[in-house]
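What follows is each chain in one-letter form.
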Amino acid sequence: MENILINLFIIILAVQADYIGLQSGPQKSVDVFDTFIPPDQFFTKYVIPGTPVLFRGAAKTFPAFTKWTDEYFQSLPESDTFTVFAEEGKKENRNDGSKHLTFSEFLNVYKEEDIYYVNPVPPFLASDIPLHLPLNCPFVVNNLLADNVMWFSSGGTKSVWHNDAYENINCLMRGKKWFIMANRSETHQKAHIDNREGFYSSVDVENVDTDKYPGFKDIQFYNVSMEAGDCLYIPWFWFHHVNSIGSNLAVNIWWRSYRSPLVCEDKTQLTLDQLHFRDGDENDDGDMPLSEAAHQMIYMHDRMYTEETIDWPGFLECVGPALDERGMHHITDADIRRLFKLLDSDEDELLNYVEIDNILTVFPKFLRQFKDEL
């Protein structure tokens with residue numbers, strides 16, 4: 001009965017012409033695989049070009065897929081003491097409040113209250129989620145993992161139209177999700193991201209005003225419907241809206257964008273509790289390693305949206321502040337210019353993705369020459 005109601009709800013949404021994603025022509029679909037693919041194939045075919053892909057049923061092998069019932073959660077003693085964060089307002093607007101409560105308290109009220117859970121997977125559940133095969137590569141594990149997030153609601157959550165500063169694989173444990181997406185490079189000027197610091201739009205996703213937001217009439221939208229057990233790759237900075245339908249539980253892994261080919265050997269199956277996520281941290285001073293901070297700032301520069309390259313002025317805008325924040329004021333613009341030229345292997349005064357990715361190995365070597373001064 002629940003599946004019938006859910007499918008009926010999707011049909012009702014599809015005929016609401018004002019709902020986001022329905023303002024332009026036919027929607028595009030994404031490639032679909034019946035299971036995960038290896039990391040080298042995943043990065044080469046999908047991550048490097050920035051193309052979404054759906055892995056149908058891939059999460060059904062996760063222990064969490066069968067174990068994670070509300071009854072199982074309540075049976076764990078940690079649920080009574082572990083504090084979680086719940087957002088108020090299932091239709092997200094990023095101005096609603098939030099509250100902290102124990103995991104057990106959340107389980108007791110989430111079906112009745114207008115709240116949803118958004119936290120990293122609790123430590124006592126992390127061993128139930130294996131690292132997804134497309135990410136099971138030593139370089140990714142050691143350098144790129146940023147965060148994991150568990151999304152949990154009774155259904156009816158609707159995200160704002162937004163994009164994220166990370167690559168993302170979202171795996172659905174229960175319920176259905178409907179993703180509306182758009183390519184960042186094709187639609188940057190049309191997406192109406194008017195809250196730049198938070199990477200989201202003020203548009204009402206259920207009632208798009210095309211007079212106020214005319215760009216939506218010209219966007220080529222992608223439409224992806226997820227069933228329980230599916231995993232979806234959402235490329236870095238792709239615009240998207242998520243509608244969660246029915247009792248809903250998902251886990252996503254975020255990682256920092258890296259657009260160079262990978263050679264993955266010595267793969268060992270790891271679970272979330274064995275992984276180290278670095279979302280803005282951490283060297284001995286509690287900061288993200290400088291090479292990673294600079295790499296991320298470059299990827300987030302406005303020019304990367306449209307040109308997918310960074311020029312010298314843009315490079316200086318990113319690397320200069322990263323150095324200043326670490327107190328490295330003795331490194332001059334001329335020094336940074338030398339770093340730019342070291343990375344610019346084709347000497348065209350532009351850094352492409354591969355050249356930018358090299359900063360992860362070149363930057364530490366570059367900094368060693370200043371070791372005596374630091």
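So, here's what we can say about the structure. Predicted model only: the values in this text are computed from it and were never measured.

What counts, and where the lines are drawn
Residues numbered from 1 in each chain as written. Predicted model: local features only at pLDDT ≥ 70, side-chain atom pairs only at ≥ 80, totals over all residues. Heavy atoms only, no water. 1 Å grid on protein atoms, 1.4 Å probe; cavity = no way out; pocket = protein on both sides within 12 Å on 5 of 7 lines; lining within 4 Å. Points joined across faces, edges and corners; volume = space filled by probe spheres on them. Helix = DSSP H or I, 4+ residues; strand = E, 2+ residues; numbered from the N terminus. Nonpolar A, V, L, I, M, F, W, Y, C, P; charged D, E, K, R; others polar. Buried < 20%, exposed > 50% of the residue type's maximum accessible area, 1.4 Å probe, protein only. Arc of directions from axis to C-beta. Core = buried A, V, L, I, M, F, W, Y, C linked by side-chain atoms within 4.5 Å. Contact = heavy atoms within 4.5 Å. Salt bridge = Lys/Arg side-chain N within 4 Å of Asp/Glu carboxyl O. Polar contact = N/O pair within 3.5 Å; in protein donor to acceptor, adjacent residues only side chain to side chain. Pairing = 2+ DSSP bridges.

Of the volumes computed, that of the largest pocket is approximately 770 Å³. E92, R94, Y116, V118 and W151 are, among the 40 residues lining the largest pocket, the residues nearest its centre. Those elements that place two or more of their residues in the lining of the largest pocket are β3 (83–88), β5 (115–119), β6 (145–153), β7 (167–182) and β10 (239–255). Split into classes, the residues belonging to the lining of the largest pocket amount to twelve nonpolar, 17 polar and eleven charged.

The next point concerns unusual backbone geometry. Even without glycine at this site, H192 takes up a positive phi of about 55 degrees. One non-glycine residue, E347, lies in positive phi territory at about 55 degrees. Mapping E347 onto the fold places it in the loop between α11 (333–343) and β12 (350–351). For E347, a relative accessible area of 69% puts it in the exposed group.

Quick look at helix α2 (residues 39–47) now. Within α2, the full set of buried residues consists of P39, F42, F43, Y46 and V47. Here the buried residues of α2 occupy an arc of 110 degrees about the axis, which is enough to place them on one side.

Right, let's get into the side chain of S159. The residue S159 is located in the loop between β6 and β7 in this model. Note on S159: relative accessible area 11%, which makes it buried.

Let's shift gears to the nonpolar core. Counting 55 residues, the largest nonpolar core has F42, W68, F103, M150, F152 and W255 as its most contacted members. Setting aside its immediate chain neighbours within four residues, W68 contacts F73, V121, L125, D128, I129, M150, M173, R174, L249 and V251. Among the nonpolar cores identified, the runner-up in size contains 30 residues, and F199, W236, L323 and I331 belong to it.

On to the pattern of salt bridges, then. Side-chain pairing between opposite charges can occur once the charged atoms of the two side chains come close. Under the defined criterion, the tally for this structure stands at 16 salt bridges. Among the salt bridges present, the one from K91 reaches E206, with a minimum N-O distance of 2.9 Å. Of this pair, K91 sits in the loop between β3 and β4 (98–102) while E206 sits in the loop between α7 (184–187) and β8 (222–226), and the two are 115 residues apart along the sequence. A salt bridge links D335 to R338, with the shortest nitrogen-to-oxygen separation between them at 3.2 Å. Of this pair, D335 and R338 are both found in helix α11, three residues apart, which corresponds to roughly one turn of the helix. Judged by its relative accessible area of 13%, D335 falls in the buried class. Judged by its relative accessible area of 38%, R338 is partly exposed. One network of salt bridges, in which partners are shared, links K91, K158, D204 and E206.

Turning our attention to the environment of N108. Within the fold, N108 resides in helix α5 (residues 103–109). Separated by 126 residues in the primary sequence, N108 and I234 have C-alpha atoms spaced 32 Å apart. At 2.9 Å, the side chain of N108 and the side chain of Q74 are in polar contact.

With that settled, consider the pairing of β7. Of all 16 residues making up β7, 15 are buried, and the element is well covered by its neighbours. Taken together, the four bridges between β7 and strand β9 (residues 231–234) define a ladder with antiparallel strand orientation. Directly across from N168, in β9, lies its bridge partner I234. In this structure, β7 lies alongside β8, joined through five bridges in antiparallel fashion. The partner of F179 across the bridge, within β8, is V224.

So, about the side chain of S104. Mapped onto the secondary structure, S104 falls in helix α5. Of the residues examined, S104 reaches a relative accessible area of 9% and is grouped as buried. Reaching out from S104, the side chain makes a polar contact with the side chain of Q74 at a distance of 2.9 Å.

Take the environment of G97 next. On the secondary structure map, G97 appears in the loop between β3 and β4. Overall, G97 belongs to the partly exposed group, its relative accessible area being 32%.

One pass over the structure, following the stated rule, counts one cavity of 30 Å³ or more. The calculated volume of the largest cavity comes to roughly 40 Å³. What lines the largest cavity is A165, W236, R256, S257, H295, Q296, Y299 and M300. Taken together, the residues of the lining of the largest cavity break down into four nonpolar, three polar and one charged.

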